[in-house]
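# Examination of the molecular architecture
Here is what each chain is made of, one letter per residue.
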Amino acid sequence: MATDDLMTRALETLGDDGPLSVEAIHRLTDLAGVPESMTIAEVADLLDISPHTLRYYERAGLVEVARDGNGHRVYDAEAVRRLVFLTRMRLSGMPMRDLQHYISLVDAGAHTVPERLDMLLEHRDTIHRRVRELTLSLTAIEYKIATYGGSTGPDVQDLDTGRRRRVVPAPH
């Protein structure tokens, strides 16, 4: 299942206006149907990333991968779970250097939890700002579509109230 498919499945369970919950993330990372060990090609297909990217993550120290008797990479469930997290964070715009620092903290042990939490809180704030910027951009696009006489898509969420509203074009 590709990364986009994983995200689509999680978003579909939420619906359009459903509250985000940890349960959605659990469903997103549910690897129950995934084999205990996978090849690089299988993991690349599962996450919809290239084998080159997987090798890069390994060289960058983000994931440890065992080798079989022939020297081929063998990904266990723990490595796949970490890769799901890494791909989510990369998609959210987290820089590689921050990911490397975060993973080094994870590998250093539980005493680094406060610093990891600080990193995630800061990244969350960055994402919230980007979501607001994208929502504003979407509102501008919906307005222009309506101005040209087109039909706008779903109602746009009001940034101030959080309520959904229909974009109405201004008179010409």
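Predicted model, so just to flag it, every value in this text is computed and none were measured.

Along its length, the protein carries 7 helices and 5 strands. The N-to-C order of helical and strand elements in the protein reads α-α-β-α-α-β-β-α-α-α-β-β. Sequence separation of 24 or more characterises 45% of the internal contacts of the protein that already satisfy a separation of 6 or more. With an accessible surface of roughly 11300 Å², the protein has 55% of that area assigned to carbon and sulfur atoms.

The next subject is the pattern of salt bridges. Inspection of every chain in the model, using the stated rule, returns 4 salt bridges. Arg67 is the salt-bridge partner of Glu58, the closest N and O atoms lying 3.7 Å from each other. In this structure, the salt-bridge partner of Asp107 is Arg82, at a minimum N-O distance of 3.0 Å. Highlighted residues: Asp107 in helix H6 (residues 96-108) and Arg82 in helix H5 (residues 77-91), separated in sequence by 25 residues. For Arg82, a relative accessible area of 17% translates into the label buried. Here the residues in one salt-bridge network are Glu58, Arg67 and Arg73, joined through shared partners.

Cut-offs applied
Residues numbered from 1 in each chain as written. Predicted model: local features only at pLDDT ≥ 70, side-chain atom pairs only at ≥ 80, totals over all residues. Heavy atoms only, no water. Helix = DSSP H or I, 4+ residues; strand = E, 2+ residues; numbered from the N terminus. Contact = heavy atoms within 4.5 Å. Areas by Shrake-Rupley, 256 points an atom, 1.4 Å probe, with all protein chains shown as cover. Salt bridge = Lys/Arg side-chain N within 4 Å of Asp/Glu carboxyl O. Buried < 20%, exposed > 50% of the residue type's maximum accessible area, 1.4 Å probe, protein only.

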